[in-house]
Each structure stands twice: as structure tokens, then as C-alpha cells.
Amino acid sequence: MILQIEQHIKHGQFEQALNLLPKLEETFSNHAEVLWVIRTLQHDLEHHNLTTLNTLNQVKQVLIG
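**With respect to the side chain of Thr-55**
- For Thr-55, the location among the structural elements is in helix 4 (residues 52-64).
- Of the residues examined, Thr-55 reaches a relative accessible area of 5% and is grouped as buried.
- The residues contacting Thr-55, other than those within four sequence positions of it, are Val-37, Thr-40, Leu-41 and Asp-44.

**Thoughts on the confidence of the model for the protein chain**
- Per-chain confidence: the protein chain averages 93 in pLDDT, with 100% of residues scoring 70 or above.
- Mean pLDDT per element in the protein chain: helix 4 is the minimum at 91, and helix 2 (residues 14-27) is the maximum at 96.

**Looking at the nonpolar core**
- Formed by 17 residues in total, the largest nonpolar core has its most connected members in Ile-5, Ile-9, Leu-21, Leu-24, Leu-41, Leu-45 and Leu-56.
- At the level of elements, helix 1 (2-10), helix 2, helix 3 (32-46) and helix 4 are the ones that each hand at least two residues to this core.
- The biggest single contributor to this core is helix 2, with 6 residues.
- When residues no more than four places from it in sequence are discounted, the contact partners of Leu-56 are Ile-2, Ile-5, Glu-6, Ile-9 and Leu-41.

**A closer look at helix 2**
- Taking 1.5 Å per residue, 14 residues should reach 20 Å; helix 2 reaches 20 Å between its end C-alpha atoms and fits that length.
- A maximum bend of about 25 degrees is found in helix 2 at Leu-21, where proline Pro-22 lies one to four positions downstream.
- Among the residues of helix 2, those classed as buried are Phe-14, Ala-17, Leu-18, Leu-20, Leu-21 and Leu-24.
- Looking at the buried residues of helix 2, the elements they touch are helix 1, helix 3 and helix 4.

**Examining the pattern of salt bridges**
- Under the criterion given, the structure shown has 3 salt bridges.
- Between Lys-60 and Glu-6 there is a salt bridge, and its shortest N-O distance comes to 3.1 Å. Here Glu-6 lies in helix 1 and Lys-60 lies in helix 4, a separation of 54 residues in the sequence.
- Between Arg-39 and Glu-25 there is a salt bridge, with its nearest N and O atoms 3.7 Å apart. Taken together, the residues Arg-39 in helix 3 and Glu-25 in helix 2 connect sequence positions 14 residues apart.
- Judged by relative accessible area, which is 47%, Arg-39 ranks as partly exposed.
- Of the residues examined, Glu-25 reaches a relative accessible area of 21% and is grouped as partly exposed.
- When salt bridges with common partners are traced through the structure, they connect Glu-6, Lys-10 and Lys-60 into a single cluster.

What counts as what
Residues numbered from 1 in each chain as written. Predicted model: local features only at pLDDT ≥ 70, side-chain atom pairs only at ≥ 80, totals over all residues. Heavy atoms only, no water. Helix = DSSP H or I, 4+ residues; strand = E, 2+ residues; numbered from the N terminus. Buried < 20%, exposed > 50% of the residue type's maximum accessible area, 1.4 Å probe, protein only. Contact = heavy atoms within 4.5 Å. pLDDT = per-residue confidence, 0-100. Core = buried A, V, L, I, M, F, W, Y, C linked by side-chain atoms within 4.5 Å. Expected span 1.5 Å × (residues − 1). Bend = angle between axes of the 7 residues up to and from the residue. Salt bridge = Lys/Arg side-chain N within 4 Å of Asp/Glu carboxyl O.

If you want it as C-alpha cells, here you go:
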């Protein structure tokens, strides 16, 4: 799922990436730190922020530990 989000971001398909976030949030609903980074990612996607890929990398880092 994260790879799909990354591909959408790289192609400027922010709305498609946003559509995947609820499933990601559902998957990690018990992990506050992950949810915080996902919500930051959501904000970046909604605003087509140029740092969106950096935020996605933060999601990956939080998941890896």
C-alpha cells in the first residue's frame, strides 16, 4: 500500500494517494506515532506539498523503527 501511495505521489496523483490513507489509518489504528505521521502525510497531500515524499519516508521510518 505504501508503494502505491509513493507511485501516486511521484506521478502527481495526490487524490489517488489520499484515497489510500483511510485503509492505512485503519491498519495502524492502535499506533499513535504512525497515525500522527499519516495525518501529516494527509495534510501534505491535500496541499500538494513538495515535501510529501519526505513525509512518506517518515511513515516508512516509523514503521521500520
